[in-house]
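# A look at the structure
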Amino acid sequence: MLFFLNKIFYSQHIPEWQISHMLGQRGVAGSGRACQNHMQHPPTSPLVQQSFQSPPPPAVGQPQMPLGPQVHHVPPQMSPPQSSTTNMSIASHSMPGPPMGGPPMGGQSMGSPVGGGPPMVGQPMGAQPMAGMSGPFPGPPPPAGPGGFQHLGPGQAGPPGYPQQAGQFGGMMPGPQAGMQGGFPGAMAGPPQKKLDPDAIPSTTQVIEDDKAKNGGQVYCTNIRGQVPPLVTTDFTVQDQGNASPRFIRCTTYTLPCTAELAKQCQVPLAAVVKPLANLPKNEAPLYAVNHGETGPIRCNRCKAYMCPYMQFIDGGRRYQCTFCNCVNEVPVFYFQHLDHMGRRVDFYERPELSLGSYEFVATLDYCKNNKPPNPPAFIFMIDVSYNNIKSGLVKLICDELKTLLEKLPREEGADCSAVKVGFVTYDKVLHFYNVKSALAQPQMMVVSDTTEMFVPLLDGFLVIVSNPSCFPISLLDQIPTMFADTAESETVFAPVIQAGVEAFKAAECSGKLFIFQSLMPTAEAPGKLKNRDDKKLVNTDKEKTLFQPQKGVYEQLCKDCVVQGCCVDLFLFPNQYLDLATMADVPSHTGGSVYKYNNFQMETDGEHFLADLRKSVQKHIGFDAIMRVRTSTGFRATDFFGAIHMNNTTDVEMAAVDCDKAVTVEFKHDDALSEESGALIQCALLYTNISGQRRLRVHNLSLNCSSQLSELYKSCETDSLINFFAKSAYRAILNQPLKNVREILVNQTAHMLACYRKNCASPSAASQLILPDAMKVFPVYMNSLMKTAPLVGSTELSTDDRAHQRLAVMAMGVEDTQLLLYPRLIPLHNMDVDSEVAPAPVRCSEERLTDSGLFLLENGHSMFLWIGQAASPDLIQGIFNLPSLAHFQGLMSTLPDVDNPLSKKVRAIIRDLQNKRPNSMKLQIVRQKDKPEMLFRQLLVEDKGLHGGASYVDFLCYVHREIRQLLT
């Protein structure tokens, strides 16, 4: 059996992260055979390390996918090895490389040049991967839909007990059940194992704290091409000096490989995560708005790129060369300006579009529908008034809150009042519209009972501007709960509700947002009626993907109608049972909307959680009727897009609305060679209607380095952006591929990226060492965490709706949101300094870090837990909960009492600060150690073995190491 010894090595010349496996007498160095047949069932303690069992071999005769001309996977032909030992050695690798042709990377020390290095043990790894492979999910989308996936055939059969050659880069992750949700269990008993010291492997919390120490509170200037920004977890100030702020655009790597061959060799995805309307902190200047009058924005005549700092003015300033397509354009007479001795316009600093990376243009009528200026957007609140919602008090809660929210509708900065119009609809099996214009004595209801052909029975008086608190919308909200107090209707419609909103916006010639509050699956006879299709028997089968696929027909057409009209849908669900969220959330997920879900809603425990989400949804910064285009300089192009978006063609990203929290992840591919001297340029242009009804063009520009040295690419990688791309790629792929295949590709992609680094960039070392690039040293913990998320774990214990909900939520997330979701914050509160202005530093997300006498706060952006150790001191319990001891603690609590002491105030301040920072409200759940609800808390300890399947961080590292060694053999 394996056991672990721990020691730390530091290289004199090139420090590097290394985890070495020193093989025993029967192991073969570099062959990847050492850890294949040492097995034992996983112990109950999450961090007790196991050995690895190979997956069962496939049927004989099944084909293997080609791996390229030089890659050799030699099936083991030896007898099962005897017990061996494994030593772990760790160090940090910050890879130096040759200077770039362009400007140097800011903040990166350039050391002695390092070439590819001598080959490692065994035959060299092939330069090219599987045919057609350029990203983690290869091949064209399958006919069934946009999966972006090529089906992976099973590998060749080997001797019993040895790994098959599966997928792209090696064997599948082993597990006890189909789909390997069980991680890496064993099958053979053996001598006791020693625990690996968790401090001996790369720590995410340490990486975060190191970056905060280096960049926290600093000013980050964007004047250097290809500069890697601070991490998303670091608090820093951005000064725009020609490249877009990382708050708007982050990349998977800030140095692109010069050729497609290099990109295929390393398999690092080339992508950018764009959050076009991201909020800026108060100490950063808002974007400037440039108004060229009726002429409109200045653009290249050929590629239509907008004027930006990268354009080169020539011929004394009378012409300019577009750096995106190299076309030479005439400068309009009104825009002419002389050049200085450096060839730069003398008004360079006076024009935002010449000196800043991000800015806005005021759009002309040419950018508006039908060449007419748009009307301000509208909000329609659509409330399910069926029996469940009335009896639970939800309808009254919504109406009471809306009375306050109507006075806080979003408005443009400097405006006296909001220009947003509001309307109200209630519904069950029929729809009720309300006329609230002031000329009437009281609000007037109009009922539409024919839901097959939905129409709006009134226009004048339905959408109104809330100009004063005493207008009829407030009066109506007082009456709605009473009007339906005696309802017995238990069925509802859904699709006609969305259709009614679209028709209302169409009649008013405006865009807008629907806020729909629904608690039941729509089972009433109407278009969009749904049936229960939740079938646990499909889990861990090839048909499991159908659980995530929305039902087509009515909802597919609704998505298109909403996008055309600029109708965004935010959906608030309050289910007590399955309601086919995959289908009901299809429209929100394609229109820039959000889905909020409150299982088994109870007023006392969930009311404030829901209201906080509603407030954020109504008040957030948002743009409507949006279309985004991503342009690039020659040599590469945008090829794929992930987000809450709709696409009618391959280039235009259409969004009925886009808010400050929504991000679009864009993948790039080469179509020619790139130049180290000129670098690579990206321009993201978003055309949208702001909250006051003005058409705007928001432009973000970013310049990247290019290099023929892979070491430069790896040095410029950003793990947080990489995992955002992989999460969205995998979550879209499960619509068309079995989960087992998706997980195989994720593991294989990880192994291939790290194997390529080992072969081409790392200093020579023993083949038994796992070497990780410094910029990616914690990438494995994120990848392992991703594979343990609900959508990718085949478990019948998980709710189908919950899995679909998380899948859709991640598709629209920015980098900071996926980072927090996949590595939650675990904050110790029991020994903090109550006088300090900052919260305690988080600790590693593992059971090993918990103490019986401790108090820990855990949050991942969607859930928040306060964990109490069973030996917590009475003073601590009294100070936080105003209880004499844990014996008086009653079940699962969701609120903290308002105790007047420094400790309680500090804890509540930390919780309040975290709640304000996150896009969604997080329901606080207070759990005691060893109580049943603690299982919910332990699911988020991502360094440990997953409760529903999935390996621990250490086991995953060892498994990836084995795969890398097979690649290098």
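Residues numbered from 1 in each chain as written. Predicted model: local features only at pLDDT ≥ 70, side-chain atom pairs only at ≥ 80, totals over all residues. Heavy atoms only, no water.

## Notes on the overall build of the chain
To keep it simple, the criterion reads: Strands here mean DSSP runs of E at least two residues long; helices mean DSSP runs of H or I at least four residues long; both are numbered from the N terminus. Between buried and exposed lies partly exposed: a residue is buried under 20% and exposed over 50% of the maximum accessible area for its type, with that area taken using a 1.4 Å probe on protein chains only. Contacts are assigned to residue pairs with any non-hydrogen atoms lying within 4.5 Å of each other. In short, Shrake-Rupley with a 1.4 Å probe defines the accessible areas, and a residue's cover is counted only from the protein chains shown.
Helix and strand counts for the chain come out as 21 helices and 34 strands. For the chain, with 969 residues in total, the buried portion stands at 61%. In the chain, the share of contacts with a sequence separation of at least 24, taken over all contacts with a separation of at least 6, comes to 75%. On the chain, roughly 36,400 Å² of surface is accessible, and the fraction owed to carbon and sulfur atoms is 51%.

## Topic: the environment of Gly566
For Gly566, the location among the structural elements is in the loop between helix H8 (554-565) and strand E22 (567-573). For Gly566, a relative accessible area of 0% gives the class buried. Sequence separation of Gly566 and Thr689 is 123 residues, and the distance between their C-alpha atoms is 9.5 Å. If sequence neighbours within four positions are ignored, Gly566 has contacts with Ser511, Gly512, Phe624, Asp625 and Ala656.

## Considering the pattern of salt bridges
Any two side chains of opposite charge can pair, so long as their charged atoms come close to each other. As a reminder of what qualifies: Every case where a carboxyl oxygen of Asp or Glu lies within 4 Å of a side-chain nitrogen of Lys or Arg is listed as a salt bridge.
Taken as a whole and assessed by the stated rule, the structure comprises 42 salt bridges. Notably, a salt bridge pairs Glu608 with Arg615, separated by 2.8 Å at the nearest N-O pair.

## Here's the deal with the nonpolar core
Rules: The set of buried Ala, Val, Leu, Ile, Met, Phe, Trp, Tyr and Cys residues whose side-chain atoms join them within 4.5 Å is what this entry labels a nonpolar core.
One finds Tyr714 and Leu786 to be the most contacted residues of the largest nonpolar core, which totals 110 residues. Looking at this core element by element, the count peaks at ten residues for helix H14 (residues 739-760). Excluding its chain neighbours within four sequence positions, the residues that come into contact with Leu786 are Ile723, Phe726, Ala727, Tyr731, Leu746, Leu792 and Leu822. Core analysis: the second largest hydrophobic core is formed by 47 residues, Val493, Phe505, Ile516 and Val587 among them.

## Some points on the packing of aromatic side chains
To be explicit about the condition: Ring pairs shown here join Phe, Tyr and Trp side chains whose ring centres sit within 6.5 Å, with only the six-membered ring taken for Trp; geometry is labelled stacked below 30 degrees between planes, edge-to-face above 60, and tilted in between.
Enumeration over the complete set of coordinates arrives at 29 aromatic pairs. The interplanar angle of 80° and the centroid separation of 6.0 Å between the aromatic rings of Tyr220 and Phe236 together place this pair among those described as edge-to-face. Taken together, the positions of Tyr220 in strand E6 (residues 219-221) and Phe236 in the loop between E6 and strand E7 (237-239) put the pair 16 residues apart, joining distant regions of the chain. You'll find Tyr220 and Phe236 in the same group, each marked buried.

## Description of the pairing of strand E26 (residues 653-659)
Using the following cut-off: Two strands qualify as a pair provided DSSP detects at least 2 bridges between them.
Among the seven residues that make up E26, seven are buried, leaving the element largely enclosed by the rest of the structure. In the sheet, strand E24 (residues 622-632) pairs with E26 via six bridges, with the strands oriented antiparallel. Paired with Phe624 across the two strands is Ala657, which belongs to E26.

## Quick notes on the packing of helix H13 (residues 719-733) against helix H16 (residues 800-811)
The axes of two packed helices give the description: the angle between them and the distance between them. Rules: To get an axis, a line is fitted to the C-alpha atoms, and for a helix only the part in contact is used. The angle between two axes follows their N-to-C directions and goes from 0 to 180 degrees. With respect to orientation, any angle under 35 degrees is reported as roughly parallel, any angle over 145 as roughly antiparallel, any angle of 65 to 115 as roughly perpendicular, and every other angle as oblique. Here a crossing is called left-handed whenever its near helix is offset anticlockwise from the far helix by less than a right angle, and right-handed whenever the offset is clockwise. Under the convention adopted here, Pro, Cys and the residues Ala, Val, Leu, Ile, Met, Phe, Trp and Tyr are nonpolar, Asp, Glu, Lys and Arg are charged, and Gly plus all remaining residues are polar.
It is the contact of H13 with H16, at a shortest axis distance of 9 Å, that shows an interaxial angle of 135°. It follows from the interaxial angle that H13 and H16 lie oblique. In the crossing of H13 with H16, the sense of the turn from one axis to the other is left-handed. Mapping the contact onto sequence places Ala727, Lys728, Tyr731 and Arg732 in H13 and Gln806, Arg807, Val810 and Met811 in H16. Here the contact of H13 with H16 is composed, by residue class, of four nonpolar, one polar and three charged.

## Let's talk about the sheet that holds strand E14 (residues 328-330)
Taken together, three strands build an open sheet; the order of strands is E12-E13-E14 and the sheet is antiparallel. Among the strands making up the open sheet, the edge pair consists of strand E12 (312-314) and E14. With direction set aside, neighbouring strand axes in the sheet form an average angle of 30°. In terms of strand pairing, E12 meets strand E13 (residues 319-321) through three bridges, oriented antiparallel.

## Observations regarding the packing of H13 against helix H17 (residues 815-822)
Taken N-terminus to C-terminus, the directions of H13 and H17 make an angle of 85°; their axes are 9 Å apart at the nearest point. By the angle class used here, H13 and H17 are roughly perpendicular. Of H17, the residues touching H13 (which contributes Asp720, Ser721, Ile723 and Asn724) are Val815, Thr818, Gln819 and Leu822. Residues that form the contact of H13 with H17 fall into these classes: three nonpolar, four polar and one charged.

## Quick look at H14
The periodicity of an α-helix, 3.6 residues per turn, causes residues three or four positions apart to be oriented the same way. Here is the rule: In this scheme, a helix's expected span is set at 1.5 Å multiplied by one less than its residue total.
With 22 residues, H14 extends 32 Å from end C-alpha to end C-alpha; this agrees with the ideal 32 Å at 1.5 Å per step. With 21 of 22 residues buried, H14 lies mostly within the body of the structure.

## Regarding the sheet that holds strand E27 (residues 664-670)
One open sheet holds the four strands; their spatial order is E8-E10-E27-E25, and the pairing between them is antiparallel. Where the open sheet ends on each side, the last strands, each with one partner, are strand E8 (249-251) and strand E25 (636-642). Each strand axis lies, on average, 25° off the axis of its neighbour in the sheet, ignoring direction. Direction of pairing for E8 relative to strand E10 (residues 271-274): antiparallel, over a ladder of three bridges. By the bridge assignment, Arg250 is partnered in E10 with Val273.

## A look at the UniProt feature "domain: Zinc finger Sec23/Sec24-type" (unreviewed entry) in the chain
For clarity, the threshold we go by: UniProt positions are given in the numbering used here, feature names are shortened, and annotations may be inferred rather than shown by experiment.
Summarizing the sequence annotation, UniProt attributes the feature "domain: Zinc finger Sec23/Sec24-type" (unreviewed entry) to residues 297-335 in the numbering used throughout. The distance from the first to the last C-alpha atom of residues 297-335 is 11 Å, and the span holds 0% helix and 23% strand.

## Some remarks on the state of the cysteines
Cysteine pairs can be linked by a disulfide, which is a covalent bond between their two sulfur atoms. Our working definition: For the purposes of this analysis, a disulfide is any pair of cysteine sulfur atoms at a distance within 2.5 Å.
Across all of its chains, the model carries zero disulfides by this definition. Just so you know, Cys761 is unpaired, no disulfide at all, and the nearest cysteine sulfur is the one on Cys756, 6.4 Å from it. For Cys761, a relative accessible area of 0% translates into the label buried.

## Here's the deal with helix H18 (residues 874-881)
As a reminder, the rule being used: Throughout, the arc means the angular range of directions from the helix axis out to the C-beta atoms.
The set of residues buried in H18 consists of Leu876, Ile877, Gly879, Ile880 and Phe881. Seen along its axis, H18 keeps its buried residues to an arc of 170°; they face one direction. The outward face of H18, more than 90 degrees from its buried face, is lined by the exposed residues Pro874 and Asp875. On its buried face, H18 is in contact with strand E32 (855-859), strand E33 (863-868), helix H19 (902-917) and strand E34 (923-928). Following H18 by one or two positions, Asn882 has its phi on the positive side, about 60°.

## Here's the deal with a nonpolar patch on the surface
Stated precisely, the cut-off is as follows: Like-charged residues are merged into a patch within 9 Å and nonpolar side chains (Val, Leu, Ile, Met, Phe, Trp, Tyr) within 5 Å, provided each residue has over 30% relative accessible area and no salt bridge.
Taken together, the side chains of Met445, Val447 and Met483 make up a nonpolar region of the molecular surface, amounting to roughly 240 Å² of accessible area. With relative accessibility at 33%, the residue Met445 sits in the partly exposed group.

## Section: the pairing of E32
Summarising burial for E32: five of the five residues are buried, a large majority. Burial along E32 is two-sided: the face carrying Leu855, Leu857 and Glu859 and the face carrying Phe856 and Leu858 are both buried. Bridge count for strand E31 (residues 825-828) against E32 is four bridges, and the pairing is antiparallel. Residue pairing for E32: Ile827 is matched across the bridge by Leu857.

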